[in-house]
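Tertiary structure, described
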4 protein chains.
Amino acid sequence: MGIIVVNTKAYKEGMGKNAVKLAKIMEKVGNEYGINMAIAVQPTDVAIVAKNTSIDVFCQHIDAIDYGSYTGWISPYAVKEAGAKGSLINHSEHRMKIEDISKAIKIAKKIGLEIIACASNVDVTKAIACLNPDYVAVEPPELIGGDISVTKAKPSIVKNAVSTVKKINSEVKVLCGAGIKSGEDVAKAIELGTVGVLVASGVVKAKNKEKVLEEMAKAIK
Amino acid sequence: MGIIVVNTKAYKEGMGKNAVKLAKIMEKVGNEYGINMAIAVQPTDVAIVAKNTSIDVFCQHIDAIDYGSYTGWISPYAVKEAGAKGSLINHSEHRMKIEDISKAIKIAKKIGLEIIACASNVDVTKAIACLNPDYVAVEPPELIGGDISVTKAKPSIVKNAVSTVKKINSEVKVLCGAGIKSGEDVAKAIELGTVGVLVASGVVKAKNKEKVLEEMAKAIK
Amino acid sequence: MGIIVVNTKAYKEGMGKNAVKLAKIMEKVGNEYGINMAIAVQPTDVAIVAKNTSIDVFCQHIDAIDYGSYTGWISPYAVKEAGAKGSLINHSEHRMKIEDISKAIKIAKKIGLEIIACASNVDVTKAIACLNPDYVAVEPPELIGGDISVTKAKPSIVKNAVSTVKKINSEVKVLCGAGIKSGEDVAKAIELGTVGVLVASGVVKAKNKEKVLEEMAKAIK
Amino acid sequence: MGIIVVNTKAYKEGMGKNAVKLAKIMEKVGNEYGINMAIAVQPTDVAIVAKNTSIDVFCQHIDAIDYGSYTGWISPYAVKEAGAKGSLINHSEHRMKIEDISKAIKIAKKIGLEIIACASNVDVTKAIACLNPDYVAVEPPELIGGDISVTKAKPSIVKNAVSTVKKINSEVKVLCGAGIKSGEDVAKAIELGTVGVLVASGVVKAKNKEKVLEEMAKAIK
């Protein structure tokens, strides 16, 4: 079954009450079409969204820290206790050191958080797959927030990411993202071998969020 | 009126349910002694603590970002909407670029978040005071988490910080921190001219948190 | 006497042999017009430029480190031994943590390196002046590399930076930069109260570097 | 043929004139025993060491930047022009973002710099091997600068790193480091399947550098 992950970034339209509203629309559409829906929110919004909806809530980032003296860093343990199913890490807007990616994934596994690790290209996708995340999301940074979907602009990157990961660590699932805006984009992503998409402005900034999500849900089914 | 700010860091004893428990003890002691109590928590815990207690809730960090494409960074707007009164910034465990300190303070002012900016020494205290935070907390890093209070080990740093800030920007209030563990430490901090203390393990890791807080509250009154 | 500081960044035209060539042109023009000329180069180019010319050589950055286990960070001691007169720090392309700016300046003072610390606005200029660098260079980042000089686009920032620094720490000299390209820009900078300019592409990318430098030298005299 | 790479960090004993002296000792011992010797120095020291000795000179770090507006970052192009054979990257004292490791290696390949990328454990070694450096140096951080060699304390990490890299990218050579101090440590490193060692204080801080290097050279032969 496919998955649609919506990243609300620091968009006004996906923060606080708006995050809850969006998550409820996702819940409705997800139930209607039998699709997995997940929302990746600001750390402050994890608890409120998890409490008010049944969809999977991800944090947008966790830091590679244990319990201890780490003022102001995002604790995986706190994220878990707040009700998160998992977390994005290494988003193109928040790149991480390779050792921290490795450590964050290990901590997450230990406490039962799912990790979606982002990667800009096939090489990095392969490298990250060696570190055992649950998902790798391949997103060419130059296409993020743009008008042309990665599935149209660079289908070969998605395809190669899928086949490379299959060879190196077949337990890791592949998502793609960047410029995803329509059902057609999502259909193409599935066709290229991914299990779903990571989408942000295409949903969060859409005038009619429900309609866009429905179109995507139909396509992924 | 003096203020006691408790920083829960990423301590297990100050996270999630434990953060709420601790905040309730602080609320009780604060009311009893007529003392301002504030707790600085993980971003994920801001909402739950703000909802369940009446004391001031601070986030442990905010990033210097507006609304927009900033995946995984801590949005001041989200922190505000979650119910925070303000935020720590530039803690010794999370130092910031000087331009980001400046920008974070400007955003915070605009949206009504109070800022407690940390500084390691008198020079940096002075520099940060130029950037108009609500509070500067002077904390020599080598004493943080240790057994000797800054008020005993380096009273001259605290005194100089107070007099320097008075000269350069008298609207900025001064706190001190590092190794604060007892009522005596707090009394000395007030005597040196601060409006209160920033304390972490001294309260969060104490066996009898209520007793330590009471002792501090008596001293600060 | 005025000063022109040329920052070669990582431009091909200001690297290695090209850095030496440019420094020799600066030396010639400086001598001709009796103007202080300084070049800020890649760390790898400090020694070769210092050896082959008589103008002041600055490194583009130093890290806030003492002798010790700091692999790959730029040691102030190594920069000094290589023949540098000083270093830029906190350039808009390389912002630093406030505590590191403070520490880097202290180390530099101790070993006799002059520090030019960059700042984006008047507040940060004031804050950095508290940390006792030799120079503050005010450079609004949005004008760096552009076609309109800071002296035309934002003369009030330069003027306010000068008067603020005079009040807070009169031993600190003020430079300005961003978009400086002509003798007219330099003349205006001096008129606004600075001791000179920090310039990059305006000289390094100029077809006729000597002519641009001569024009600037005439204006600063 | 084995290789000994000496990292001078920001040690006084390996900086400036001392770097040249050390490199000359390495040259002498290398020639005597027919051993590859390489020294990884501060960026400011690349040119002077390359000019005065025949051994391979590495920079301790390069940044993942092309030509352009990157003030104060270490340009691979400048490092190459200064005479470097290659560079260390991702040392435990200077960790890099995964995308920057990928980009730095690509730039280095293009311009003919050899890359030694450091890794703390087997997982990260594997991930980095996917990014095609010339060497991976496995160095458990907790043993760096200590008294017990990685080859004694954690031989299985070295062995597993070697076999993992062989499987995933057999063109990548493996080094090991951390606590290497004697000929015995070097002999063990070779026995475990590495092509050599990355050593720092064990040589740079040794009273008799020549003797230590001779002992290591005999062992590696």
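Please refer to the structure higher up on the page.
The paragraphs below set out a description of the structure included in this document.

About the cut-offs
- Residues numbered from 1 in each chain as written.
- Chains lettered and ligands numbered in written order.
- Predicted model: local features only at pLDDT ≥ 70, side-chain atom pairs only at ≥ 80, totals over all residues.
- Heavy atoms only, no water.
- Phe/Tyr/Trp six-rings, centres within 6.5 Å; stacked < 30°, edge-to-face > 60°.
- Helix = DSSP H or I, 4+ residues; strand = E, 2+ residues; numbered from the N terminus.
- Buried < 20%, exposed > 50% of the residue type's maximum accessible area, 1.4 Å probe, protein only.
- Pairing = 2+ DSSP bridges.
- Axes fitted to C-alpha atoms, helices over the stretch in contact; angles between N-to-C directions.
- Parallel < 35°, antiparallel > 145°, perpendicular 65-115°, else oblique.
- Left-handed = near helix turned anticlockwise from the far one by under 90°.
- Contact = heavy atoms within 4.5 Å.
- Nonpolar A, V, L, I, M, F, W, Y, C, P; charged D, E, K, R; others polar.
- Least-squares fit on C-alpha atoms with pLDDT ≥ 70 in both.
- Buried area = accessible area lost by both parts, 1.4 Å probe.
- Salt bridge = Lys/Arg side-chain N within 4 Å of Asp/Glu carboxyl O.
- Polar contact = N/O pair within 3.5 Å; in protein donor to acceptor, adjacent residues only side chain to side chain.
- Right-handed = clockwise from strand over helix to strand, strands pointing away.

**Some points on the packing of aromatic side chains**
Residue and element names in this part refer to chain C.
- A full pass over the atoms with the stated rule returns four aromatic pairs over all chains.
- Judged by centre distance (4.0 Å) and plane angle (25 degrees), the ring pair of Tyr-67 and Tyr-77 falls under stacked. Taken as a pair, Tyr-67 in the loop between β3 (56-59) and α3 (76-81) and Tyr-77 in helix α3 lie far apart in primary sequence, 10 residues in all.
- Taking relative accessible area as the criterion, Tyr-67 reaches 34% and is therefore assigned partly exposed.

**Considering the sheet that holds strand β5 (residues 114-119) of chain C**
Residue and element names in this part refer to chain C.
- Spatial strand order, β1-β2-β3-β4-β5-β6-β7-β8: eight strands in a closed barrel with parallel pairing. Ignoring which end each strand starts from, the neighbouring axes of this sheet average 25 degrees apart.
- Two elements, β3 and strand β4 (residues 86-89), share two bridges in a ladder whose sense is parallel. In the strand pairing of β4, Cys-59 is matched with Ser-87.

**Let's talk about the packing of helix α8 (residues 183-191) of chain A against helix α10 (residues 209-220) of chain A**
All names here are of chain A.
- Packing of α8 against α10 brings their axes to within 8 Å, and their N-to-C directions diverge by 25 degrees. By the angle between their directions, the pair α8 and α10 is classed as roughly parallel. In the packing of α8 onto α10, the handedness of the crossing is right-handed. Contact residues: Gly-183, Glu-184, Val-186, Ala-187 and Ile-190 in α8; Glu-215, Met-216, Ala-219 and Ile-220 in α10.
- Of the residues in the contact of α8 with α10, the class split is six nonpolar, one polar and two charged.

**Comments concerning the relation of the copies chain A and chain B**
- Note on the identical chains: chain A maps onto chain B by a rotation of 180 degrees and an axial translation of 0.0 Å, with an RMSD of 0.0 Å. On this basis, the relationship between the two copies can be described by a two-fold rotation axis. No C-alpha of chain A approaches the rotation axis more nearly than that of Thr44(A), which lies at 2.2 Å.
- Most of the interface of chain A is mirrored in chain B, where 100% of its interface residues are also at the interface.

**Digging into the interface of chain A and chain B**
- Facing 35 residues of chain A, the contacting portion of chain B comprises 35 residues.
- Across the interface of chain A and chain B, roughly 2,900 Å² is buried in total on both sides, 58% from carbon and sulfur atoms.
- At the boundary of chain A with chain B, the tally comes to zero salt bridges.
- Inspection of the region where chain A meets chain B yields 24 residue pairs in polar contact (both at pLDDT 80 or more).

**Remarks on the pairing of strand β1 (residues 3-7) of chain D**
All names here are of chain D.
- The element β1 is extensively covered by neighbouring structure, given that five of its five residues are classed as buried.
- In β1, alternate side chains face the same way, and those of Ile-3, Val-5 and Asn-7 on one face and Ile-4 and Val-6 on the other are all buried.
- Note that the unit made of β1, helix α1 (residues 17-33) and strand β2 (residues 36-41) has a crossover that is right-handed.
- In the sheet, β1 pairs with strand β8 (residues 196-199) via four bridges, with the strands oriented parallel. Residue pairing in the sheet places Ile-4 in a bridge with Val-197 of β8.

**As for the relation of the copies chain C and chain D**
- Expressed as a screw transformation, the operator carrying chain C onto chain D has a rotation angle of 180 degrees and an axial translation of 0.0 Å, and the superposed copies differ by an RMSD of 0.0 Å.
- When the interface residues of chain C are mapped onto chain D, 100% of them again fall at the interface, so both copies present the same face.

**Considering the arrangement of the chains**
- A gap remains between chain A and chain C, which never touch, and the nearest two C-alpha atoms on either side lie 16 Å apart.
- The least C-alpha distance between chain B and chain D, which are not in contact, is 16 Å.

**A look at the interface of chain C and chain D**
- Taken residue by residue, the interface counts 34 residues in chain C and 34 residues in chain D.
- Of the roughly 2,900 Å² buried between chain C and chain D, counting both surfaces, carbon and sulfur atoms make up 57%.
- The interface formed by chain C and chain D contains zero salt bridges.
- If you look at where chain C meets chain D, you find 24 residue pairs in polar contact (both at pLDDT 80 or more).
- When residues of the side of chain C that touches chain D are assigned to their parent elements, the largest contribution, four residues, is made by α3(C).
- Each residue belonging to the side of chain C that touches chain D can be placed in one class, and the counts come to 14 nonpolar, 13 polar and seven charged.

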